[in-house]
2 protein chains.
Amino acid sequence: MMRRGFQVAAGLGHQRTLSKIPHLLPRLNMASASGSPTDSLVSRFCLEKTDLKDYALPNGSWGPEMLSLYQEFLEKTKSGSWVKMPSFKSNREHIQGLKLPFELGVTSDKSDGRIFTRCIQAEGQGYEYVIFFQPSKKKSVCLFQPGPYLEGPPGFAHGGSLAAIIDETFSKTAYLAGEGLFTLSLNIRFKNLIPVGSLAVLDVQVEKIEDQKLYMSCVAQSRDQQTVYAKSSGVFLQRQLEEASLQ
Amino acid sequence: MMRRGFQVAAGLGHQRTLSKIPHLLPRLNMASASGSPTDSLVSRFCLEKTDLKDYALPNGSWGPEMLSLYQEFLEKTKSGSWVKMPSFKSNREHIQGLKLPFELGVTSDKSDGRIFTRCIQAEGQGYEYVIFFQPSKKKSVCLFQPGPYLEGPPGFAHGGSLAAIIDETFSKTAYLAGEGLFTLSLNIRFKNLIPVGSLAVLDVQVEKIEDQKLYMSCVAQSRDQQTVYAKSSGVFLQRQLEEASLQ
């Protein structure tokens, strides 16, 4: 049975409809003294110091192309125009200190969850990726190196593994650029297969924000831009994460 | 740089275009004495006896809903109207005895690959799924139970993990129904989040086969059909896997 709008099923046969929530909290009201709402979101999500393990750091499995492009973007972060997003084991860690919209609280008692794109811990076997974000342009670049556990056709990344990293990059970018929290739709046109172990560069852009929706685009291609792997678009719904109340 | 048609990059900066291959091998010419081309494909891919480990069998992590629906479909296989697809560690195992189209042979020397949807081996932590196929109707049902390593929002499956299992179910169905081998496009509209550990039932249908393309649809929902998780469509390109020549 279809219902109007995007919904969240908090349990089988028990659901709460986002469209029924008193319409959404004032948007982008978290501007800090130092800058824009995006700056404020970035400063809260891209922690410079934390004890949490950041998986978006170079390791021995990264190929020379991935390493050199990582260094290039790291240089750009020094001026503050780009930021490197940290990547923790779980979104629970990313949203520390915030509470989720109430409709998401039901099944959160488990602590052994891992964000899907960090599900494989052995270096180089699964997802290797790092995302850089440019707040002023509302765009991101994701460097993605699929390992052999991400296979579809022998020797090449599964289309679903590319779909997932596109969704993840969209998701983090949509949140920082405008509190986009839920994927409403995802469209991907596949052009070439990505050989396992090689680098795909995902250029992600927020195209527009309208009616509490963020419209995203992505081109995934080789570093030299001679091989397009996929083109994608996605739509995300804005939902504000609330600050936890002090108790 | 964009090029026409779907391409396969066999290495960075080195690619061979599917559209340049002398156009494709005669389709569906593998009818066995006993039945249709689909029957022949099914008998070669859904081996009844094999030494390979089949991951699409019940284990202690399967919930009661998944187990009972599995038993229901297993009953239906007894009449031969439905078949249970085996699920091996890698597509290399699925295509044993066949050789890949030549443009896919380059990076296949690694033997440690795993199909993405079987990337997590610990029972119940990642993907638990089984696909049943109904050859006469060109449709499939996938029972999918996401584990805690497939998280997006805390407690719920990542949109990308659903995208990947839809792509995988499309892919196997498209091959058995009409030798669909490459995903050309994938469109997903997300309606509800799937709680980790619960069951999603994916109903997949080949809508039409035209111009060497298979047009697929999918509805993912709760078993009682009261909660739609996502609706999806996909297009797959036909490419015949060749029989290995004897040497």
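Nothing here was measured: the structure is a model prediction, and the numbers come from that model. (Residues numbered from 1 in each chain as written. Chains lettered and ligands numbered in written order. Predicted model: local features only at pLDDT ≥ 70, side-chain atom pairs only at ≥ 80, totals over all residues. Heavy atoms only, no water.)

Observations concerning the overall build of chain A
Scanning chain A from N- to C-terminus turns up four helices and 11 strands. Within the span of chain A, comprising 247 residues, buried residues form 59% of the whole. Restricting to contacts in chain A with at least 6 residues of sequence separation, those with at least 24 account for 69%. Counting every atom, chain A has about 10,100 Å² of accessible surface; 50% of that belongs to carbon and sulfur. (Helix = DSSP H or I, 4+ residues; strand = E, 2+ residues; numbered from the N terminus. Buried < 20%, exposed > 50% of the residue type's maximum accessible area, 1.4 Å probe, protein only. Contact = heavy atoms within 4.5 Å. Areas by Shrake-Rupley, 256 points an atom, 1.4 Å probe, with all protein chains shown as cover.)

Points about the packing of helix H1 (residues 37–45) of chain B against helix H4 (residues 159–178) of chain B
Axis angle and axis distance: for two packed helices, these are the angle between their axes and the distance between the axes, and together they describe the pair. Residues and elements named next belong to chain B. Two numbers describe how H1 lies on H4: the axes approach to 7 Å, and their chain directions differ by 130°. The angle between H1 and H4 falls in the class oblique. Judged by residue contacts, Thr38, Leu41, Val42 and Phe45 of H1 engage Tyr175, Leu176 and Ala177 from H4. By residue class, the composition of the contact of H1 with H4 is six nonpolar, one polar and no charged. (Axes fitted to C-alpha atoms, helices over the stretch in contact; angles between N-to-C directions. Parallel < 35°, antiparallel > 145°, perpendicular 65-115°, else oblique. Nonpolar A, V, L, I, M, F, W, Y, C, P; charged D, E, K, R; others polar.)

With respect to the environment of Pro64 of chain A
Topologically, Pro64 of chain A is positioned in helix H2 (residues 64–77). Taking the C-alpha atoms as reference points, Pro64 of chain A and Leu199 of chain A, separated by 135 residues in sequence, lie 9.4 Å from one another.

Things to note about the pattern of salt bridges
All names here are of chain B. Under the counting rule described, the total for this entry stands at 12 salt bridges over all chains. Close ionic contact of Asp54 with Lys84 constitutes a salt bridge, the shortest N to O distance being 2.7 Å. Of this pair, Asp54 sits in the loop between H1 and helix H2 (64–77) while Lys84 sits in strand S3 (residues 83–84); the two residues are 30 residues apart in sequence, bridging distant segments of the chain. Taking relative accessible area as the criterion, Lys84 reaches 17% and is therefore assigned buried. (Salt bridge = Lys/Arg side-chain N within 4 Å of Asp/Glu carboxyl O.)

Section: the packing of aromatic side chains
One pass over the structure, following the stated rule, counts 18 aromatic pairs over all chains. Taken together, a centroid distance of 5.9 Å and an interplanar angle of 80° make the contact between Tyr127 of chain A and Phe116 of chain B edge-to-face. One end of the pair, Tyr127 of chain A, is in strand S5 (residues 127–134); the other, Phe116 of chain B, is in the loop between strand S4 (98–99) and strand S5 (127–134), on a second chain. Assigned by exposure class, Tyr127 of chain A and Phe116 of chain B land together as buried. Among the aromatic residues, ring-to-ring pairing joins Phe116, Tyr127, Tyr129 and Phe144 of chain A together with Phe116, Tyr127, Tyr129 and Phe144 of chain B into one connected group. (Phe/Tyr/Trp six-rings, centres within 6.5 Å; stacked < 30°, edge-to-face > 60°.)

Thoughts on the pairing of strand S8 (residues 200–210) of chain B
All names here are of chain B. Looking at chain direction, strand S6 (residues 139–146) and S8 are connected through six bridges and run antiparallel. Within S8, the position partnered with Leu143 by the bridge is Val201. Here S8 runs beside strand S9 (residues 213–221); their pairing, made up of nine bridges, is antiparallel. For Leu202, the partnering residue across the bridge sits in S9 and is Ala220. Here S8 hands over to S9 after two residues, with Asp211 in that stretch at a positive phi of 50°. (Pairing = 2+ DSSP bridges.)

What about H2 of chain B?
All names here are of chain B. Taking 1.5 Å of rise per residue, 14 residues should cover 20 Å, and H2 covers 20 Å from first to last C-alpha, within 8% of that figure. Buried within H2 we find Met66, Leu69, Tyr70 and Phe73. Down the axis, H2 shows its buried residues gathered within 110° of arc, on one side only. (Expected span 1.5 Å × (residues − 1). Arc of directions from axis to C-beta.)

Description of the pairing of strand S9 (residues 213–221) of chain A
Residue and element names in this part refer to chain A. As paired elements, S9 and strand S10 (residues 228–238) share nine bridges and run antiparallel to each other. When the bridges of S10 are listed, Met216 appears paired with Gly234. Here S9 hands over to S10 after six residues, with Gln225 in that stretch at a positive phi of 65°.

Looking at unusual backbone geometry
Despite not being glycine, Asp211 of chain A has its phi angle at roughly 50°, a positive value. Mapped onto the fold, Asp211 of chain A is located in the loop between strand S8 (200–210) and S9. Exposure remark for Asp211 of chain A: the relative accessible area of 65% places this residue in the exposed category. Phi at Glu179 of chain B takes a positive value of approximately 55°, unusual for a residue other than glycine. Structurally, Glu179 of chain B is set in the loop between H4 and strand S7 (180–190). Residue Glu179 of chain B is classed as buried on the basis of its relative accessible area of 1%.

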